[in-house]
Amino acid sequence: MSEEYAQFVDETPSPDQFFAPPTLSKPGLLVMDVDSTLIDEEVIDELGEAAGCGERIAEVTERAMRGELEFCEALRARVALLEGLDVSVFDAVRARIHFTTGALELIDTLHAHGWKVGVVSGGFHEVVDHLAEEAHIDYWMANRLEVVDGRLTGRVLGEIVCKTVKLHALREWARRCGVPMTQTVAVGDGANDIPMIQAAGLGIAFCAKPKTQLAAPAAINERDLRLVLDHLD
């Protein structure tokens, strides 16, 4: 964890603050997961298909998102199976992924009301950077894969974006924006999204795994991100 994050003060809202949802009449911050939230696909699964081990990787992804496996360990195991892939695979993967219905409209609406939008991903910068640029996202964070001589080594560079890093990103971006935690929204589908979902002024499980549904104050079970707006004042 970076020194900046480690020194950040915990600003988790008290339980009584959850009764007043964030409002569009004041600046705020929305932070989303990427895979199966901002986009319909799981990028690691798409890379697995290209590597010829799609079923093995998809099975591990599902177990990790259900909270049955420790996320960092599961990610390293899946990335190891990608060793040897040419980096051109990212061009093919980017061509196959789709923004979730309503994602761009949600982001545009929030921007029109003076909000900022961030994404935190257990996926990879090689894809997330392009998504963030296309969607005009303000902040983003993802993992980076090691590449040597134009091929993936099967290793992740630096600190893995796990549940704790996602939580600290939410808090740090709120601090950077000058937004109180009561004016933050966190949206995700997996077990590694639970801490940020519970820390935000409004946490939403989006078409989520059962463990995440149970942990979240609110849930959306239709794949339309515009429905997030229905939860705001």
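Quick note: structure is the one above.
This report concerns the structure included in the present document.

Each value, and the rule that gives it
- Residues numbered from 1 in each chain as written.
- Predicted model: local features only at pLDDT ≥ 70, side-chain atom pairs only at ≥ 80, totals over all residues.
- Heavy atoms only, no water.
- Helix = DSSP H or I, 4+ residues; strand = E, 2+ residues; numbered from the N terminus.
- Polar contact = N/O pair within 3.5 Å; in protein donor to acceptor, adjacent residues only side chain to side chain.
- Contact = heavy atoms within 4.5 Å.
- Pairing = 2+ DSSP bridges.
- Core = buried A, V, L, I, M, F, W, Y, C linked by side-chain atoms within 4.5 Å.
- Buried < 20%, exposed > 50% of the residue type's maximum accessible area, 1.4 Å probe, protein only.
- Salt bridge = Lys/Arg side-chain N within 4 Å of Asp/Glu carboxyl O.
- Axes fitted to C-alpha atoms, helices over the stretch in contact; angles between N-to-C directions.
- Parallel < 35°, antiparallel > 145°, perpendicular 65-115°, else oblique.
- Left-handed = near helix turned anticlockwise from the far one by under 90°.
- Nonpolar A, V, L, I, M, F, W, Y, C, P; charged D, E, K, R; others polar.

Comments concerning the side chain of T61
Here's step 1: Locating T61 in the fold gives a position in helix α4 (residues 54-65).
Here's step 2: A distance of 2.8 Å separates the side chain of T61 from the side chain of D45, its partner in a polar contact.
Here's step 3: Residues contacting T61, with those up to four places away along its chain left out, are E42, I44, D45 and R78.

Remarks on the pairing of strand β3 (residues 139-148)
The two faces of the sheet receive side chains in turn, since in a regular strand these alternate between them.
Here's step 1: For strand β2 (residues 116-124) and β3, the ladder comprises four bridges, and the chain directions are parallel. Paired with V120 across the two strands is M141, which belongs to β3.
Here's step 2: Note that β3 and strand β4 (residues 151-157) share four bridges and pair antiparallel. Across the sheet, R144 pairs through a bridge with L157, a residue of β4.
Here's step 3: Connecting β3 to the next strand, β4, in antiparallel fashion are two residues, including D149 with a positive phi near 55°.

Focus: the nonpolar core
Here's step 1: L30, M32, L38, V185 and V187 are the most contacted members of the largest nonpolar core, which has 76 residues in total.
Here's step 2: With six residues, helix α9 (residues 163-177) is the single largest residue contributor to this core.
Here's step 3: If we ignore the near neighbours within four places in the chain, the residues touching V185 are P22, L29, L30, V31, W115, A200, L202, I204, V228 and L232.

Quick look at the pattern of salt bridges
Here's step 1: According to the stated counting rule, one finds 13 salt bridges in the structure shown.
Here's step 2: A salt bridge links E68 to R63, with the nearest nitrogen and oxygen atoms 3.5 Å apart.
Here's step 3: Of the charged contacts, one joins E68 and R66 as a salt bridge, the two residues approaching to 2.7 Å between their closest N and O atoms.
Here's step 4: A network of salt bridges, in which partner residues are shared, links E62, R63, R66 and E68.

Side note on the sheet that holds strand β7 (residues 218-220)
Here's step 1: Read from one edge of the open sheet, seven strands run β4-β3-β2-β1-β5-β6-β7, paired in mixed fashion. Two strands close off the open sheet at either side, each with one partner strand: β4 and β7. Sheet twist, expressed as the average angle between the axes of neighbouring strands with direction ignored, equals 25°.
Here's step 2: Two elements, strand β1 (residues 29-32) and strand β5 (residues 184-188), share four bridges in a ladder whose sense is parallel. In the strand pairing of β5, V31 is matched with A186.
Here's step 3: Lying on the sheet, helix α5 (residues 71-80) is in contact with β2, β3 and β4; it crosses β4 at an angle near 170°.

What to know about the packing of helix α6 (residues 89-96) against helix α8 (residues 125-135)
Here's step 1: Interhelical geometry of α6 versus α8 gives an angle of 45° and a closest axis separation of 10 Å. One element, α6, and the other, α8, form an angle in the oblique class. Once α6 is placed against α8, the crossing between them reads as right-handed. For the pair α6 and α8, contact is made by F90, V93 and R94 and by E126, V127 and H130, respectively.
Here's step 2: Residue composition of the contact of α6 with α8, grouped by class: three nonpolar, one polar and two charged.

Looking at the packing of helix α3 (residues 43-51) against α4
Any two packed helices are characterised by how steeply their axes cross, that is the angle between the axes, and by the distance between the axes.
Here's step 1: Put simply, α3 and α4 touch, their axes get as near as 7 Å, and they point 160° apart. When the interaxial angle is binned, α3 and α4 end up roughly antiparallel. Both α3 and α4 take part in a crossing whose hand is right-handed. Contacts between α3 and α4 involve I44, D45, G48 and E49 on the former and, on the latter, G54, E55, I57, A58 and T61.

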